[in-house]
Amino acid sequence: MNKKRILSGMRPTGKLHIGHYVGALENWISLQENYECFFLIADYHVLTTDLNTKDIYDNSIQMLIDWLSSGLDPKKVLVFRQSQIKQHAELFLIFSMFITSSRLERNPTLKEQVRDLNIDNVIYGHLGYPVLQAADILLYKGEIVPVGEDQIPHIEISREIARRFNSQYGIVFPEPEPMLTKFARLPGLDGNAKMSKSLNNSILLSDTPDEIKAKVKKAVTDPNKIRKGDPGNPDICLIYSYHKKFNESETDEIYQNCKSGVLGCVDCKMKCSLKISEYFSDFREKRSFYENNQQEVLEILLHGEQEARKVAEKTMDEVHKKMNLG
Ligand code: TRP
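Residues numbered from 1 in each chain as written. Predicted model: local features only at pLDDT ≥ 70, side-chain atom pairs only at ≥ 80, totals over all residues. Heavy atoms only, no water.

Asker: Would you explain unusual backbone geometry in this entry?
Answerer: Trans peptide bonds make up the majority, and among non-glycine residues the majority have a negative phi. For Asn 118, which is not glycine, the phi dihedral falls at a positive 55 degrees. Tracing the sequence through the fold places Asn 118 in the loop between helix H5 (108-116) and helix H6 (124-127). Among the residues examined, Asn 118 registers a relative accessible area of 67% and is labelled exposed. With a phi angle near 60 degrees, Asn 324 is a residue other than glycine that sits in the positive phi range. Looking at where Asn 324 falls in the secondary structure, it is placed in the segment after helix H14 (294-323). Residue Asn 324 is classed as exposed on the basis of its relative accessible area, which comes to 72%. (Helix = DSSP H or I, 4+ residues; strand = E, 2+ residues; numbered from the N terminus. Buried < 20%, exposed > 50% of the residue type's maximum accessible area, 1.4 Å probe, protein only.)

Spelled out as structure tokens, the structure:
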């Protein structure tokens, strides 16, 4: 039986944090066994919010090293940079004829970004973000797109574009389905609902055990639990949510002991940072291997780009034929 095809991607903003792992990577890794997987480094998408491209190459490589060190297997998946496959740009242009600007202006993910980043004038490319994303997915005829909740509106736009193209020119594209990541987002160390590099509240996958310890030590906890002995409320404590993910076997005990006050925040945090360090110890070992063997990383990337390009060319041949652009 043919495996279904998955496409997903991330914007290369540098080293990844543990929220990326929990929210996306872990899922990608479990999918690589049973699906044909294409994972893209969205280096054009970064430009929508940052035109300074000084670090874009290094950031892409660092992100790829994080992917590989987490367990993405280059024998099973293809990894590639969007910018190295020119067909993304062409299909983006064609797709831009299949969606109105008012539809794009209604996109809630865009509105959220405009608010959070204090953008007062949206550039054309940013408005078109989901159109480029539709090209990313449909160039490879991606059927399933594993993403976080914030990306659902984008996948809906991809579906609309696929539908309109198909009804105008005949069927070329599947209507891609989003696949939501199971585990909710990890909160940031400052208590923000989202761990994010730009908010400076994250634990990087590549952090050393000492760095993890220092960061966790400074994290906010239940403000009503001031000293050991005070009863705490684990349900509102971000450290407890980290325990739930990285220290599953002890969560019940921690819950009880936080509530009763027997467990103080200092000890609880110590336990937590040890568990996080342990959880990512294989990761760190693999990461130092790839750091020291960057030639291998490059070969994996170039191979992915070569293979992705073949698929992209084939799709565009079909598109050209259907549109009489041959
Ligand atoms: N927009 C996605 C994000 O910010 C990244 C992305 C770019 C993507 N192209 C994609 C995700 C295609 C899925 C499919 O997370």
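Still more to cover.
Asker: Can you walk me through the packing of helix H10 (residues 238-246) against helix H12 (residues 265-279) in this structure?
Answerer: A packed helix pair is summarised by two numbers, namely the angle formed by the two axes and the spacing between the axes. It is the contact of H10 with H12, at a shortest axis distance of 10 Å, that shows an interaxial angle of 35 degrees. As for the relative orientation of H10 and H12, their crossing is left-handed in sense. Facing H10, whose interface residues are Ile 239, Tyr 242, His 243, Lys 245 and Phe 246, H12 presents Cys 268, Lys 269, Lys 271, Cys 272, Lys 275, Ile 276 and Tyr 279. Residues of the contact of H10 with H12, tallied by class, amount to seven nonpolar, one polar and four charged. (Axes fitted to C-alpha atoms, helices over the stretch in contact; angles between N-to-C directions. Left-handed = near helix turned anticlockwise from the far one by under 90°. Contact = heavy atoms within 4.5 Å. Nonpolar A, V, L, I, M, F, W, Y, C, P; charged D, E, K, R; others polar.)

Asker: Teacher, can you tell me more about the pattern of salt bridges here?
Answerer: As a working rule, side chains carrying opposite charge can pair if their charged atoms are close by. Evaluated as defined, the whole model comprises 21 salt bridges. Salt-bridge contacts for Lys 76 lead to Asp 73; the nearest nitrogen and oxygen are separated by 3.6 Å. With relative accessibility at 22%, the residue Asp 73 sits in the partly exposed group. A salt bridge links Glu 305 to Arg 81; its shortest N-O distance comes to 2.7 Å. Placement of Glu 305 in helix H14 and of Arg 81 in strand S3 (residues 77-81) is noted, with a sequence separation of 224 residues between them. Classification of Glu 305 as buried rests on a relative accessible area of 3%. Arg 81 gets classed as buried once you look at its relative accessible area, which sits at 11%. (Salt bridge = Lys/Arg side-chain N within 4 Å of Asp/Glu carboxyl O.)

Asker: How do you make sense of helix H8 (residues 152-169) when you look at a structure like this?
Answerer: An α-helix turns once every 3.6 residues. As a result, residues three or four positions apart point the same way. The end-to-end C-alpha separation of H8 is 26 Å, in line with the 26 Å expected for 18 residues at 1.5 Å each. The complete set of buried residues in H8 reads Pro 153, His 154, Ile 155, Ile 157, Ser 158, Arg 159, Glu 160, Ile 161, Ala 162, Phe 165 and Asn 166. (Expected span 1.5 Å × (residues − 1).)

Asker: Before we go on, may I ask you to explain the domain arrangement of the protein in this structure?
Answerer: By convention, interface size is frequently given as the accessible area that disappears when the constituent parts associate. Here the protein is described as being made up of domain 1 (5-186 + 294-322) and domain 2 (209-279). Each of domain 1 and domain 2 was reduced to a C-alpha centroid, and the two centroids are 36 Å apart. On the side of domain 2, five residues touch domain 1, which itself brings six residues to the contact. Summed over both partners, the interface of domain 1 with domain 2 buries about 490 Å², with 79% contributed by carbon and sulfur atoms. Among the salt bridges present, the one from Lys 245 reaches Glu 26, with a minimum N-O distance of 2.9 Å. (Domains from an automatic or database assignment. Buried area = accessible area lost by both parts, 1.4 Å probe.)

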